[in-house]
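Analysis of the macromolecular model
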Protein chains: 4
Amino acid sequence: MATQVRPRADDLAERFRAIRRLSREIAAPLSDADATIQPHPDASPTKWHLAHTSWFFETFVLRDHVCGYRPFDERWPYLFNSYYEGEGERQPRARRGMLSRPSLDQILAYRDHVDSALVAAAGDLPFAARQLVELGLNHEEQHQELMLMDMLAAFAENPLAPAIWPQEPEVTGAAPAIRGVRGRIGLVEIGHGGADFAFDCEGPRHQVFLRPHELADRLITNGEWLRFMAEGGYERPDHWLSDGWAWVQANGIEAPLYWRRGEGGWQRFGLDGLRPVNEAEPVCHVSYYEADAFARWAGARLPTESEWEAAAQGLDPAGGNQLDSAGPVRPKIAAAGPAPRQTFGDVWQWTMSAFLPYPGFRPAEGTVGEYNGKFMSGQFVLKGASCATPRGHSRASYRNFFYPHQRWQFSGLRLARDL
Amino acid sequence: MATQVRPRADDLAERFRAIRRLSREIAAPLSDADATIQPHPDASPTKWHLAHTSWFFETFVLRDHVCGYRPFDERWPYLFNSYYEGEGERQPRARRGMLSRPSLDQILAYRDHVDSALVAAAGDLPFAARQLVELGLNHEEQHQELMLMDMLAAFAENPLAPAIWPQEPEVTGAAPAIRGVRGRIGLVEIGHGGADFAFDCEGPRHQVFLRPHELADRLITNGEWLRFMAEGGYERPDHWLSDGWAWVQANGIEAPLYWRRGEGGWQRFGLDGLRPVNEAEPVCHVSYYEADAFARWAGARLPTESEWEAAAQGLDPAGGNQLDSAGPVRPKIAAAGPAPRQTFGDVWQWTMSAFLPYPGFRPAEGTVGEYNGKFMSGQFVLKGASCATPRGHSRASYRNFFYPHQRWQFSGLRLARDL
Amino acid sequence: MATQVRPRADDLAERFRAIRRLSREIAAPLSDADATIQPHPDASPTKWHLAHTSWFFETFVLRDHVCGYRPFDERWPYLFNSYYEGEGERQPRARRGMLSRPSLDQILAYRDHVDSALVAAAGDLPFAARQLVELGLNHEEQHQELMLMDMLAAFAENPLAPAIWPQEPEVTGAAPAIRGVRGRIGLVEIGHGGADFAFDCEGPRHQVFLRPHELADRLITNGEWLRFMAEGGYERPDHWLSDGWAWVQANGIEAPLYWRRGEGGWQRFGLDGLRPVNEAEPVCHVSYYEADAFARWAGARLPTESEWEAAAQGLDPAGGNQLDSAGPVRPKIAAAGPAPRQTFGDVWQWTMSAFLPYPGFRPAEGTVGEYNGKFMSGQFVLKGASCATPRGHSRASYRNFFYPHQRWQFSGLRLARDL
Amino acid sequence: MATQVRPRADDLAERFRAIRRLSREIAAPLSDADATIQPHPDASPTKWHLAHTSWFFETFVLRDHVCGYRPFDERWPYLFNSYYEGEGERQPRARRGMLSRPSLDQILAYRDHVDSALVAAAGDLPFAARQLVELGLNHEEQHQELMLMDMLAAFAENPLAPAIWPQEPEVTGAAPAIRGVRGRIGLVEIGHGGADFAFDCEGPRHQVFLRPHELADRLITNGEWLRFMAEGGYERPDHWLSDGWAWVQANGIEAPLYWRRGEGGWQRFGLDGLRPVNEAEPVCHVSYYEADAFARWAGARLPTESEWEAAAQGLDPAGGNQLDSAGPVRPKIAAAGPAPRQTFGDVWQWTMSAFLPYPGFRPAEGTVGEYNGKFMSGQFVLKGASCATPRGHSRASYRNFFYPHQRWQFSGLRLARDL
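In this report, the structure presented in the accompanying data block is examined. The structure presented is a predicted model; accordingly, all values stated were derived computationally and were not measured.

The two faces of the sheet receive side chains in turn, since in a regular strand these alternate between them. All names here are of chain B. Bridge count between strand E5 (residues 259–262) and strand E6 (residues 265–270): 4 bridges; the pairing is antiparallel. From the neighbouring strand, Arg261 faces E6, where its bridge partner is Trp266. A loop of 2 residues connects E5 with E6, the two strands running antiparallel in sequence.

Shown next as C-alpha cells:
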C-alpha cells in the first residue's frame with residue numbers, strides 16, 4: 001500500500017466511477033452460469049471478483065470510515081473475503097465455484113449499493129480513507145486482469161470452445177529480428193519512491209549494483225517457441241530446472257497453456273476463440289519453468305528484476321498494448337524500431353528474481369498489510385504489463401508475482417545476456 | 001433392460017409427455033447458474049441431467065430407429081453421454097460442472113427438439129424401439145431422483161443454505177414402537193419374472209432358501225439415531241466394519257449427511273431449507289457403514305435382499321410416500337398399524353446383500369447392456385423407494401445400489417433379526 | 001473362530017512346535033534388512049510377521065490364561081498388534097517398514113521366549129485357551145502364506161531381481177483341454193459344521209439353492225491368458241466391470257502382476273527369480289477385475305462360492321500342490337484325468353461371491369471376534385488353496401477374501417457356465 | 001564445481017583416505033537393516049549414501065579418466081545415481097528404501113574396490129580428474145551431513161526411540177543476552193573468488209550494495225522458541241507467510257521437528273536419544289516458515305545472504321562447533337563474548353535470500369554441472385555450518401539451500417534488523 005498517495009476528491013470519484021464501470025463491462029458477455037463456475041482453485045468465478053472488489057470498499061472504507069453505513073448483507077463478507085485472516089473465516093478458495101447464489105443480478109445490486117454509498121461519502125472522506133479508496137481502485141484494476149485470466153480459464157474447459165469476443169485474426173506480419181540493448185551498469189536506483197500511488201512491496205527505493213548485460217529489444221514470439229519445441233525443448237531434461245522437469249513429466253506438458261493440436265498445426269484458445277497460432281505474436285501463457293528452459297536452450301537467460309526496471313525507467317508505462325476497454329485481448333506483433341519495445345503491454349515478462357522484500361520494506365498497517373508481504377516465498381517477479389492490464393495501472397517499479405509453475409496469467413519472456 | 005415389456009403406443013406417448021414434463025418441473029426453481037454447478041464428482045449438474053436424459057432418447061431411439069432424424073447438435077453427445085463406452089469419448093465425469101454453456105434455455109430447446117421428434121415418430125416405432133422408449137422413461141425417472149439428490153448436494157454447499165421449496169415443518173408426532181414381523185422361510189422365489197418392465201439386473205426370477213427371521217415393521221427414526229450418537233456410536237470402533245471405521249476417521253464423520261450443529265440442537269438441511277431434526281421421522285442420508293454400525297449397536301442386523309423382497313411381494317409398490325410432483329421431499333413419520341409399513345417410499349433401505357448378478361443373469365444386448373451389469377462390484381443393494389422416487393417407478397424386485405460410503409441418496413434402514 | 005474344536009494337549013504342543021518352526025524356515029534365506037522392508041501398505045515385513053504371530057500367542061493365550069507370564073517387552077505390543085482395536089493403539093500399518101529395530105535376532109529371541117512359555121504351559125491350559133492356541137496356529141499358517149506373498153512383493157521391488165530359492169524351471173508339458181463338470185443342483189448344504197477347527201466366518205452350515213451349471217475341470221493357464229492379451233483383453237472396456245476398467249486405466253495394467261516384457265517374450269518374477277512365462281502353468285497373481293474380464297471374454301463366468309464348495313465337498317483338501325516346507329512355490333501344470341483337478345493348491349480361485357456373513361453368523365467373543373467379521377464389505381471370496389498355503393490348512397468351507405483390485409496373493413481362476 | 005582448485009596429488013590421496021574413512025565410521029553403529037530403511041522421500045538410506053558417494057568417484061573419475069578401470073557391478077549405477085539426468089535412468093528416489101540388497105557388506109566392498117582403484121591411480125591423474133576427485137570429496141562431506149540427518153529421521157520413526165550414540169546431556173548453562181552487531185554497508189564483495197575449492201554456485205565474486213543493519217551476535221535458543229510458542233506463535237496467522245500458515249494448518253505443526261510432549265515438558269529426539277529440551281541451546285530443526293514467523297514475532301527479520309556473508313568474511317570457518325568425528329552431534333550453548341559468535345557450526349542459519357544464480361554464474365561443464373544450478377527455484381539459502389557439517393568443509397561463501405518447509409536438516413536462525 002502506498003504511503004504517499006494524495007488523491008484529490010474530485011478525481012477520485014470520477015476515477016472510481018470509471019474503473020467500477022469497466023469491471024461490469026468486462027463481465028457483460030457472461031451469463032449468470034458463466035460467471036459462477038470456477039475452472040481451478042487458482043482462478044475465481046467472475047461473480048466472485050465482482051463481489052469481492054465491492055467487499056473491499058465496503059469493508060475497508062465504508063464500514064471503517066463512513067458513519068452509519070449499512071452493509072448490504074451481513075452474511076456476504078464470509079463469501080467474498082479473499083485471504084485476509086484479519087477479517088475472519090471465509091468460503092474456502094477452492095469452493096468459490098459453489099456459489100450459484102447470490103445471482104449475478106444480486107451481485108450487481110451489491111455493486112450499486114456500495115458505489116452509491118461511496119460516491120455519496122467521497123467528498124467527506126478523511127485522508128486515510130481516500131488512500132484506501134485509491135488502494136481499492138488499484139485492487140479492482142488487478143481484479144480486472146484476473147477476471148480476464150479466469151474467464152479464459154473457464155471457457156477453456158468447455159469442449160465447445162466458445163469465443164467470448166469473436167474477432168478476426170490480425171493480419172500476419174513478421175516480427176523484426178531481435179537485437180540486444182545494453183543495460184545500465186554500476187549503482188542504480190530501483191523501487192518506487194515518488195508521491196504517486198504504488199503498492200507497499202514496490203518500495204523503498206534503493207540502490208542495486210548492476211554488471212554489464214544486454215536485454216533483447218523485443219519479446220520472444222510463438223515462431224521462436226515452435227522452434228524450441230521442434231528441437232525437443234520439452235523432451236530434454238538438460239534445459240530444465242529440476243522442479244521444472246518434474247512438472248513437465250508429471251503434467252505431460254508439451255506446449256504453452258491453451259495450445260491444442262489441430263489438423264493444420266497448433267492452435268491457441270483465447271477470448272476470441274480457437275485460432276491458429278500466429279508465429280509473429282509474442283508467446284503467451286508460459287510458466288517460469290518454460291521461460292527459463294527456453295532461455296537456456298537459446299544460450300541466454302532471463303533478466304533480473306533490477307536490470308529490467310533500470311531499462312524501463314523513463315519509458316511511458318501507458319504507451320503499449322494494454323487494456324483500454326472490455327473486449328478481446330491479444331499480444332501484438334512487435335513493430336520495428338530502434339529502442340526496447342513491448343516493455344509495457346502484450347505480456348508480463350518473467351524475471352529470474354524471486355519475489356522478496358526490498359531492503360527496509362514494511363507492510364502497510366492493518367489488515368491491508370496482508371496485501372503483498374505475506375506472499376514473499378516461492379514466487380518469481382514478472383515485470384511490465386500485459387494486454388489484459390488496464391492502461392494506467394503500470395509503472396517500472398510494479399512487481400507482479402506468480403509461482404514458477406503457473407501460467408494462466410498472460411505471461412511471456414524477453415531474453416537477457418551477460419556482457 | 002426388460003425383455004418382456006409390451007408398451008402400447010398410445011400410453012407410451014402419454015406417459016412420455018408426463019414424465020418428460022416432470023423433469024422440467026423439478027428444475028423449475030433453478031437458475032441457469034444453479035443448474036450448472038457440480039458439488040462433487042458423484043453428483044451431476046441439473047442441466048446435465050436434463051440433457052443426458054434427452055441424449056438417451058436421441059441416441060438409442062431417434063438416431064438408431066427413426067429414419068431421417070437430424071441431431072440437435074453434433075457436438076453435444078460428447079457432452080452428455082454418461083458412461084457408455086460403446087458410445088465413445090465423453091466429458092470427464094468430474095468436469096461436468098464446467099459446462100456453463102450450453103445454457104439452460106438451450107438445453108430446454110434440446111428437450112423440445114427430442115420430444116417433438118419422438119412424439120411424431122411414436123406411432124410408427126418398431127417393437128424394439130418402443131422397448132427402448134420404455135427403458136428411456138424408466139431411465140428418466142431414475143434421473144428425476146438423481147436431480148433431487150444432486151440439487152440438495154449443490155445447495156448444501158452454499159453457506160446461505162437456500163431453501164428450494166420452502167415449506168412449514170410437519171407437525172411433530174411420535175413414531176410407534178418397533179415390532180418384529182416374521183419373514184417367509186424355506187424356498188422362496190425372488191427377482192422379476194412378469195411381463196411388465198424391469199431392469200435387466202432384476203432377473204431372472206429364481207429360488208432362494210430363507211431361514212427364520214423377523215423384520216422391523218418400520219424404519220429407524222432420527223430419535224433412535226440420536227441415541228446411537230449419544231451412546232458413542234461414532235466413537236467406538238467395535239460397532240464398525242473395518243472399512244467403515246477408516247471412513248469415519250478419515251472424514252471426521254459424526255452424524256448423518258446434511259446434519260449440522262445448531263444452537264438449539266441438531267439441524268438438517270433439506271430441499272425445504274435448514275430445519276431442526278425431527279425425532280419421529282425416518283433417519284435419512286446414512287451410508288451402509290453407518291446403517292450396519294447402528295444395527296450392530298442395536299443388537300440386530302440389516303435384512304438381506306431376499307428377506308426384504310419376500311416380505312414386500314404383494315404389497316402395493318405405489319402405496320407409500322413417493323414423489324408425485326415437483327416440490328419438497330421429506331420422509332414421513334410412520335403411521336401406527338399392524339403390518340410392515342414404510343416399505344415403499346420415505347427412504348431407500350440398505351440391505352446386507354452385495355449388488356451381484358442373479359443366477360442366469362444376462363445383460364441387455366448392445367450399448368444399453370452397460371446399464372447395470374458393469375457396476376456389479378463393491379456396491380450394496382438398497383430396496384424399496386424413497387420420497388424422491390417417482391411414484392409408479394417401484395416394485396419389490398427393484399435393485400438400487402450404492403457404494404457403502406455413499407450417502408447423498410435418500411437412504412435409511414430397517415432392522416432385521418434371526419429367529 | 002471355531003466353537004467346536006477339541007484339540008488334545010499332546011498333539012497341540014507337537015503341532016505348535018512344527019508350525020512355529022516352519023515360519024522360521026521360511027524366513028531363513030532373509031537378511032535382517034530383507035526382513036525389514038515393506039514394499040507397499042498391504043504387505044508387511046517378514047520380521048513383523050514373525051513378531052506379530054508371537055504377539056498373538058503372547059496376548060490371547062499367555063497374558064490372558066497363563067498366570068505369572070512375563071511379557072518379553074512391554075513396548076512391543078504397540079509395534080506388533082495388527083488391527084485389533086480392542087488391544088489399543090498400534091504402529092500405523094503403512095509404517096511397519098520403519099522398524100529396523102528390533103532386529104531379526106531379537107525377534108527370533110521373542111519367538112523363543114513365547115514358545116518356551118507356551119510349551120511349558122501347554123499341558124495345563126484350560127479348554128478356552130487350547131482353542132485360542134488352535135486359532136493361533138491357524139493364524140500363523142495364514143501368516144506363512146502372507147510371508148511368502150510379501151517376500152515376493154518386496155524382492156519384486158529390487159531392480160536386481162534376486163531369486164530367494166533359485167530353482168530350475170519345470171520341464172514344460174501341456175495342459176489338457178478344459179472339460180466341463182456338471183455341478184450339484186437344488187438344495188445343497190455349505191459352510192462348516194463339524195467338530196474340527198474352522199474360522200468363525202465359515203459357519204453356520206446352511207442350505208443354498210443351486211441351478212444347473214458346470215465348472216471347468218482345471219484352472220486357466222498362462223497360455224490362455226496370453227491369448228486374452230493378444231486379443232486386446234486389456235484394451236477393450238466391454239469386457240470389464242466399470243471399476244475394473246477404471247483400475248486398468250489408472251494403473252496402466254497390461255498383464256498379471258510380476259510379469260515383465262523380456263527380449264524373448266513375457267517373463268514372470270517369482271521366489272525362484274525371473275523366468276519365462278510357462279504357458280502350461282496356471283495363471284497367477286490376477287485380480288478379481290482381471291479374472292472377471294477374462295471370464296466374460298471367454299463367454300463364461302466365475303463360479304459362485306456355493307457352486308465351488310458344493311463341488312469340492314468330499315475331495316481331499318490336502319491332496320494338491322500345497323506348501324510342505326520352506327522353499328520355492330509355484331503353481332503346477334494340471335495332470336490329465338477325469339475329475340475336477342487343481343481344486344486345492346496351485347492358486348486361490350476367485351469366485352463371483354462377495355465376502356458377507358452366512359445366515360446366522362456370529363463373530364467369536366472378545367477381541368478375536370475382530371478376526372473376520374469386520375472385513376465383510378467390498379471384498380470377494382476366493383476358494384481352494386494355493387501353492388503357498390500350508391498343507392493341512394485347507395478345507396472346502398474355507399473362505400479367503402481380498403479386494404477386487406488386489407493381486408499380490410497367489411490368485412487365479414477356474415471358469416463356470418450356466419446350463 | 002570449482003574451476004580454480006589446484007589440489008596436490010599427495011594431499012589428495014591422504015585427504016581421500018581420511019574422508020572416505022569418516023563415512024564408514026558414521027555408519028558404524030548401524031545394522032544392515034538400519035542402513036536400509038528410508039524414512040521419507042527426501043531422506044535416503046545410509047547404505048545408499050555409502051554407495052552413491054562411491055558411484056560418484058567411479059563414474060566421474062575412474063570410468064572417465066582411468067584407463068582399464070573395471071566397474072564393480074554393471075547394474076549398480078542404476079541403483080546409485082542420484083539425480084544426474086546425463087547419466088541415465090535410475091531407481092526412483094522415493095523407492096531407495098526397497099534396496100535390502102546389495103547388503104551393507106557388499107556396499108562396503110564396493111567402497112574398498114573404488115578406494116583401491118582411486119588411490120592406485122591418484123599419482124597419475126590428469127588435472128581435470130584431480131579436480132573431480134576434489135569435487136567428489138566435497139560431495140562426500142555433504143553426504144556425511146546428509147547421513148546424520150537421514151539417520152536421525154529414520155530413528156525418529158521408531159517408536160522405541162533408540163539412541164545411536166548415547167551421551168550424557170550437557171550441563172545446562174545460560175545463553176548470554178543477545179546484542180546487535182552493526183553490519184558492513186555500501187558496496188561489498190561477496191561470493192567465492194580465490195584459488196581454493198568452492199562449488200560452482202558460490203561464484204562469481206561480485207559487488208552488492210548493503211544498507212545499514214545489525215545482526216544478532218548469537219543464535220536463537222530453545223528457551224526463546226518456547227516463549228514464541230507460549231505466546232501463540234503457531235496459532236496466530238499474522239506472524240506467518242501465507243504458504244507457511246497453510247503448511248502449519250495442513251500438517252498440524254506446533255513445535256520444531258523431533259520435539260515431543262513429555263510428562264515433564266517438551267523433549268527432543270536426537271542422535272543421543274530422547275532428552276528434555278535444553279533452553280540454552282540453539283533451536284534446531286526449524287523450517288524457513290518457522291524462522292521467518294519467529295523473526296516477525298520478535299519484531300526483527302532474517303539476515304540476507306549478503307549481510308551474513310559480509311559479516312562472516314575474515315572469521316575462521318573451522319573455528320566453531322562442527323563435526324570432527326563420528327559420534328553424537330548437538331548444537332552448543334553460546335559462549336559470552338564481544339563478537340558475533342556461532343557463525344560456523346551449531347546450526348545452519350536461514351537467510352531471507354532465495355537460492356538463485358549470482359551475476360555471471362555458469363554451471364560446471366558436463367554432467368557434474370547438474371550439481372547446483374538446476375535447483376535454483378523455490379529454495380532459500382542457509383549460511384554457516386552445523387554441528388553435523390564436517391570441519392573444514394565450510395567458508396563464508398558457502399551456499400546451502402532447502403525448500404522453505406523442510407526442516408530435517410540442522411537448521412536454526414540468527415536475527416537481523418534494519419538501522
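Turning our attention to the relation of the copies chain B and chain A. Both copies of the chain are related through a single rotation about an axis accompanied by a shift along the same axis. Take chain B, turn it by 180 degrees, move it 0.0 Å along the axis, and it overlays chain A with an RMSD of 0.0 Å. A rotation of that kind, with that shift, is consistent with a two-fold axis. Scanning chain B for the C-alpha nearest the rotation axis identifies Ala33 of chain B, at a separation of 1.9 Å. By residue overlap, the copies meet face to face through one surface: 100% of the interface positions of chain B are interface positions in chain A.

A few words on the environment of Trp266 of chain D. All names here are of chain D. Residue position: Trp266 is located in strand E6 (residues 265–270). Remark: the alpha-carbon pair of Trp266 and Leu226, spanning 40 residues in sequence, is separated by 9.2 Å. In contact with Trp266, other than residues within four places in its own chain, are Leu226, Met229, Glu254, Ala255, Trp259, Arg260, Arg261, Pro276 and Val277.

Remark on secondary structure: sheet strands pair via backbone hydrogen bonds, oriented parallel or antiparallel. Residues and elements named next belong to chain B. If you trace the 3 strands from one edge of the open sheet to the other, you get E5-E6-E7, paired in antiparallel fashion. The open sheet terminates on both sides in strands that have one partner only, identified here as E5 and strand E7 (273–276). Within the sheet, the average angular offset between the axes of one strand and its neighbour, ignoring direction, is 35 degrees. Strands E5 and E6 of the sheet are contacted by helix H6 (residues 222–230), whose axis makes an angle of about 70 degrees with E5.

Each side of the interface is counted separately: chain B has 28 residues, and chain A has 28 residues. A combined buried area of about 2,300 Å² lies between chain B and chain A, and 56% of that area is made up of carbon and sulfur atoms. When the buried area of chain B at its contact with chain A is split by residue, Met98, Arg101 and Leu160 of chain B rank highest and sum to 30% of it. The interface formed by chain B and chain A includes 4 salt bridges. Notably, a salt bridge pairs Arg101 of chain A with Asp34 of chain B, separated by 2.7 Å at the nearest N-O pair. In this structure, the connection of chain B to chain A is made through 12 residue pairs in polar contact (both at pLDDT 80 or more). If you tally residues by element for the side of chain B that touches chain A, the top one is helix H3 (residues 76–80) of chain B, at 3 residues.

Turning our attention to the packing of helix H2 (residues 46–65) of chain C against helix H5 (residues 127–156) of chain C. Residue and element names in this part refer to chain C. The contact between H2 and H5 brings their axes to 9 Å, and the two run at 175 degrees. As the angle between them shows, H2 and H5 are arranged roughly antiparallel. Looking at the contact of H2 with H5 residue by residue, the class counts come to 15 nonpolar, 8 polar and 2 charged.

Conventions used here
- Residues numbered from 1 in each chain as written.
- Chains lettered and ligands numbered in written order.
- Predicted model: local features only at pLDDT ≥ 70, side-chain atom pairs only at ≥ 80, totals over all residues.
- Heavy atoms only, no water.
- Pairing = 2+ DSSP bridges.
- Helix = DSSP H or I, 4+ residues; strand = E, 2+ residues; numbered from the N terminus.
- Least-squares fit on C-alpha atoms with pLDDT ≥ 70 in both.
- Contact = heavy atoms within 4.5 Å.
- Axes fitted to C-alpha atoms, helices over the stretch in contact; angles between N-to-C directions.
- Buried area = accessible area lost by both parts, 1.4 Å probe.
- Salt bridge = Lys/Arg side-chain N within 4 Å of Asp/Glu carboxyl O.
- Polar contact = N/O pair within 3.5 Å; in protein donor to acceptor, adjacent residues only side chain to side chain.
- Parallel < 35°, antiparallel > 145°, perpendicular 65-115°, else oblique.
- Nonpolar A, V, L, I, M, F, W, Y, C, P; charged D, E, K, R; others polar.

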